[in-house]
Amino acid sequence: CGSVDHLHVSSLSVTPNEPEPGSPVSVLIGMVPDISITDASIHVNVELFGVAVPGACLTLDLCKVHTCPVAANKSARLDFKYSLSPLVPRGIKPTLFVNLTNSSKPPNNQIGCIQFEVSIAAPSASFNATQTIRDWPSLS
């Protein structure tokens, strides 16, 4: 994220709390922008250890997620769904970036960015070593 912050985020909610790779995630962002936003794009990126996850990017038109224009100095909520890439490993905390850029002013001037971590659901399968070894064929 850059140093520009016209969004002034007041709340952030991600549902489910521990999303599954390949499953939809709902993101709800509460904000009070200090400028009127008439035309913008929402860019969602996922990184692991500073490296972008392939296929984990999403770009949305702000005006399809929220009624435009978004008024300055008034509370607004962005609510959108994002399908978490199946390439994100389980049991880790990748960093998600939600970046808003002005679509009508080249070169896409930044309006604001939110950076946060999400815990990815751990593997649900358990490994039973005793059962596995007992089922092996005899070595004699």
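Provided above is the structure to which this section pertains.
Sequence positions are assigned chain by chain, starting from 1 and proceeding in written order. Under the rules for a predicted model, residues below a pLDDT of 70 receive no local features and side-chain atom pairs below 80 are neither given nor counted, while totals for whole chains, interfaces and linings still include all residues. With hydrogens and water excluded, all non-hydrogen atoms of the structure serve as input to the side-chain values.

### Looking at the environment of S10
Next up, step 1: Locating S10 in the fold gives a position in strand 1 (residues 9-15).
Next up, step 2: Each residue gets one of three labels from its accessible area relative to the maximum for its type: buried under 20%, exposed over 50%, partly exposed in between, using a 1.4 Å probe on protein chains only. Judged by relative accessible area, which is 55%, S10 ranks as exposed.
Next up, step 3: Residues S10 and R77 lie 67 residues apart in sequence; the distance between their C-alpha atoms is 9.7 Å.
Next up, step 4: Only heavy atoms matter for contacts: two residues are in contact if any of them lie within 4.5 Å across the pair. The residues touching S10, leaving out its near neighbours within four places in the chain, are G30 and M31. Each helix is a run of DSSP H or I of at least 4 residues and each strand a run of E of at least 2, with the numbering of both proceeding from the N terminus.

### Concerning the state of the cysteines
As used in these notes, a disulfide is a covalent bond between sulfur atoms, one from each of two cysteines.
Next up, step 1: Working definition: a disulfide is two cysteine sulfur atoms within 2.5 Å of each other. Applying the stated criterion to the full structure yields one disulfide.
Next up, step 2: Paired through a disulfide, C63 and C68 show a sulfur-sulfur distance of 2.0 Å. For the disulfide bridge between C63 and C68, the dihedral angle about the S-S bond is near -100°, and by the sign convention the bridge is left-handed.
Next up, step 3: Classification of C63 by relative accessible area gives partly exposed; the value is 32%.

### Describing the sheet that holds strand 6 (residues 76-83)
Next up, step 1: Here, strands pair whenever DSSP counts at least two bridges between them. Taking strand neighbours across the sheet as the criterion, the three strands line up as 1-2-6 in an open arrangement whose pairing is antiparallel. Looking at strand neighbours, the two that pair on one side only are strand 1 and strand 6, the edges of this open sheet. Adjacent strand axes in the sheet meet at a mean angle of 15°, parallel and antiparallel pairs treated alike.
Next up, step 2: Bridging between strand 1 and strand 2 (residues 24-31) involves six bridges; their strand directions are antiparallel. Its bridge partner being in strand 2, V14 is matched across the sheet by V27. In this analysis an axis means a line fitted to C-alpha atoms, helices contributing only their contacting stretch, and an angle means the value between N-to-C directions, from 0 to 180 degrees.

### Description of the side chain of S26
Next up, step 1: Looking at the secondary structure, you find S26 in strand 2.
Next up, step 2: The exposure class assigned to S26 is buried, which follows from its relative accessible area of 18%.
Next up, step 3: Contacts described as polar in this section are N or O atom pairs within 3.5 Å, which, within protein, must combine one atom able to donate a hydrogen with one able to accept it, while residues neighboring in sequence count only if both atoms come from side chains. Within the structure, the side chain of S26 is placed 2.8 Å from the side chain of K81, a separation counted as a polar contact.
Next up, step 4: For S26, the contacting residues outside a window of four places in its chain are S13, V14, T15, F80 and K81.

### Things to note about the pattern of salt bridges
Next up, step 1: When a carboxyl oxygen of Asp or Glu is within 4 Å of a side-chain nitrogen of Lys or Arg, the pair counts as a salt bridge. The final tally for this structure, using the stated rule, is one salt bridge.
Next up, step 2: Measuring nitrogen to oxygen at the nearest pair gives 2.5 Å for the salt bridge that ties R90 to E20. Remark: E20 occurs in the loop between strand 1 and strand 2 and R90 occurs in the loop between strand 6 and strand 7 (95-102); sequence separation between them is 70 residues.
Next up, step 3: On the basis of relative accessibility, which here comes to 36%, the residue R90 falls in the partly exposed class.
Next up, step 4: According to the relative accessible area criterion, E20 is partly exposed, its value standing at 32%.

### Considerations on the nonpolar core
Next up, step 1: By size, the foremost hydrophobic cluster in this structure holds 29 residues, and its most contacted members are I42, L62, V98 and L100.
Next up, step 2: Listed by contribution, the elements that provide at least two residues to this core are strand 2, strand 3 (40-48), strand 6, strand 7 and strand 8 (110-117).
Next up, step 3: Among the elements that line this core, the one with the most residues is strand 3, at five residues.
Next up, step 4: Leave out the neighbours within four places in its chain, and L100 touches L7, S41, I42, L62, L78, N109, Q110, I111 and G112. To qualify as a nonpolar core, a set must consist of buried Ala, Val, Leu, Ile, Met, Phe, Trp, Tyr and Cys residues joined through side-chain atoms within 4.5 Å.

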